[in-house]
Amino acid sequence: MSNLVAVIMAAGKGTRMKSKLPKVMHSLAGKTLIEHVLDIVGRAGVDRSLVIVGHGREGVKALIENRAEIVVQTEQLGTGHAVLQAMPYLEGEQTVLVLSGDQPLLKSETLNELVKLHQAQGASATVLTSYMEQPFGYGRIIKKGENLVRIVEEKDAAPDEREIKEINTGTYCFKGSALKDALTKITTQNAQGEYYLTEVFDVLLKHEKKVLTYRTVNSQEALGINSRGQLAEAEGIVRKNILEHWMSEGVTIVDPASTFIDAEVILAQDVTILPFTRLVGKTKIEEDSVIGPQTNLENCTVGRGSEVTCSVARDAVIGECCHIGPFSYLRPGTKLDARVKVGDFVEIKNSWVEMGAKIPHLSYIGDTHVGKSANIGAGTITCNYDGVNKHHTKIGDHAFIGSNTNLVAPLEVGEYAVTGAGSTITKNVPAKALVVERSQQVVKENWHREKIK
Ligand code: UD1
Ligand code: CA
């Protein structure tokens, strides 16, 4: 499709959301509403996208300025006024697709069908409609036979018009020149005193231009997010679609009802997701890995054949054939090479753990490099923070850290070195050495006292 421009209205405050955040910045399956809409028009093959911003425009701009042209609407005087702001940037011969930033469930195939019909029929304007069982809040499509007569807003509609179930999805296709011309003629004579984009249809019909309707059979596509309730409704639909997609790609999801996977997550074939698991952000899981139950991974990579059980991880990289959990907590900057074991009640932050190392129980590892096949005993703590600065610990390959060792950073423990259980190590340990820091055990024979009667 050549010379197709998308104009996306995203300047409104979203009053009904009752939020500090502009409506289009709210997140749906881990991706903002405006990014969903930009992805949809991108897949539909538009040549340019213009986004009309207003409320909270700095945030919206920062999020999308590398992928869309930004047009500012300083005052929100209605959808017609919003689209008018984009007109100086358009040429008359272009086909203009107008959408709302709050409609993230549209299908790009539907947009393609809309544009195809519009162009094939040489229409001046085509509105995408849908039937809705509960049409409350949407503009209604008033027709005479098959022909559009007008689009009426809920607040302007007569009682019999409110009974109509064919609604305006808020998505349209226009001939650029017809849109430009008609927008200069709309008024604010309506219940809300706003410039309605839908009045463009009145203007075009008055001038006997060809206007069409195109109805999509999937009414879910029309869902506009105006409230938190509608946001949750959309979340449910998107979530179900995502789960169905990954199952069709060969992922086992044992309990879809308790599994939450964000839009940008990538899963390989033969991954298994066990119940009560959330995969968030840009998480990526390779083949044959088993994730869950009760696991939360955010922006993590998991290599092939790993198991992550009852654990939480954020901004962490887990290598191949690792065993994580139950009850491990991997924080940002954790990098685990292949065959690493991290067990129960272990927290790791900003640390690199090399191949085959084991941290099986009750440890805190921060700002540390753990060498290959090192064994970190239960209760090991890297004391990385002196109250002012963070310090680094290096544990050599094959080192054996005895249970309940405190490693006071900055510190280096050489390869094959051993620390005795219960030691507090404050000085570097040479390779292959045994270090013990422990007071002598005192034994007092026959110390047991008889009870005094
Ligand atoms: C609009 C339509 C309605 C349709 C519905 C579909 C009009 C008059 N009504 O109503 O027929 O059924 O969408 O969801 O067009 N916006 C701006 N600047 C403004 C006003 C709005 O950019 O001055 C943006 C909003 O941020 C939003 C979009 O336009 O993304 C739609 O506005 P909204 O107030 O949600 O319109 P609806 O009442 O839903
Ligand atoms: Ca809306």
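The model shown is predicted, which means the values in this text are computed figures rather than measured ones.

Draft legend 1. Summary view of the pattern of salt bridges. Taken as a whole, this structure holds 20 salt bridges when the rule is applied. A salt bridge links Lys185 to Asp181; its shortest N-O distance comes to 3.2 Å. A residue is classified by how much of its surface remains accessible, and Lys185, at 38% relative accessible area, is partly exposed. Using a relative accessible area of 43% as the deciding quantity, one classes Asp181 as partly exposed. One salt-bridge network, held together by shared partners, links Lys31, Asp39 and Arg67.

Draft legend 2. A nonpolar patch on the surface, seen in detail. A cluster of nonpolar side chains, contributed by Phe327, Phe345 and Leu362, occupies part of the molecular surface with about 320 Å² of accessible area. As for its placement among the helices and strands, Leu362 is situated in the loop between strand E30 (358-361) and strand E31 (364-366).

Draft legend 3. A look at the UniProt feature "binding site: acetyl-CoA" (unreviewed entry) in the chain. In this numbering, the UniProt entry assigns the feature "binding site: acetyl-CoA" (unreviewed entry) to Ala378, Asn384, Tyr385, Ser403, Ala421 and Arg438. Across 61 residues of sequence, these annotated residues are also dispersed in space, with a maximum C-alpha separation of 22.6 Å. Tracing the backbone shows Ala378 in the loop between strand E33 (375-376) and strand E34 (381-383). For Ala378, the residues in contact, after removing those within four places along its chain, are His361, Leu362, Ser363, Ser403 and Asn404. Tracing the sequence through the fold places Tyr385 in the loop between E34 and strand E35 (393-395). Overall, Tyr385 belongs to the partly exposed group, its relative accessible area being 48%. Side-chain polar atoms of Tyr385 contact the backbone oxygen of Gly387, separated by 3.1 Å.

Draft legend 4. Quick peek at the coordination of the calcium ion (ligand 2). Ligation of the calcium ion (ligand 2) by protein atoms is provided by Asp102 (OD) and Asn226 (OD1), these donors lying 2.5 to 2.7 Å from the ion. One end of the pair, Asp102, is in the loop between strand E6 (95-100) and helix H4 (108-120); the other, Asn226, is in the loop between strand E11 (211-216) and helix H8 (228-248), with 124 residues separating them in the sequence.

Draft legend 5. Region of the structure containing the site of ligand 1. Taken together, 25 residues lie near ligand 1, and Gly12, Gln73, Thr79, Glu153 and Asn168 sit nearest. A distance of 3.5 Å separates an oxygen atom of ligand 1 from a polar side-chain atom of Gln103. Within the backbone of Asn168, an N or O atom sits 2.6 Å from an oxygen atom of ligand 1. Taken together, the elements giving at least two residues each to the shell around ligand 1 come down to strand E1 (4-10), helix H3 (79-84) and strand E10 (166-175). The element that contributes the greatest number of residues to the shell around ligand 1 is E10, accounting for three residues. Residues belonging to the shell around ligand 1 are distributed by class as follows: seven nonpolar, 14 polar and four charged.

Draft legend 6. Geometry of the UniProt feature "active site" (unreviewed entry) in the chain. According to UniProt, the feature "active site" (unreviewed entry) maps to His361 in the numbering used here. Within the element layout of this structure, His361 appears in strand E30. Those residues in contact with His361 that lie beyond four places of it in its chain are Asp344, Val346, Gly377, Ala378 and Gly379.

Reading guide: rules and limits
Residues numbered from 1 in each chain as written. Chains lettered and ligands numbered in written order. Predicted model: local features only at pLDDT ≥ 70, side-chain atom pairs only at ≥ 80, totals over all residues. Heavy atoms only, no water. Salt bridge = Lys/Arg side-chain N within 4 Å of Asp/Glu carboxyl O. Buried < 20%, exposed > 50% of the residue type's maximum accessible area, 1.4 Å probe, protein only. Patch = residues over 30% accessible without salt bridge, like charges linked within 9 Å, V, L, I, M, F, W, Y side chains within 5 Å. Areas by Shrake-Rupley, 256 points an atom, 1.4 Å probe, with all protein chains shown as cover. Helix = DSSP H or I, 4+ residues; strand = E, 2+ residues; numbered from the N terminus. UniProt positions renumbered as here; feature names shortened; annotations may be inferred. Contact = heavy atoms within 4.5 Å. Polar contact = N/O pair within 3.5 Å; in protein donor to acceptor, adjacent residues only side chain to side chain. Donors = N, O, S within 2.8 Å, 3.2 Å for Na, K, Ca; no water. Near = heavy atom within 4 Å. Nonpolar A, V, L, I, M, F, W, Y, C, P; charged D, E, K, R; others polar.

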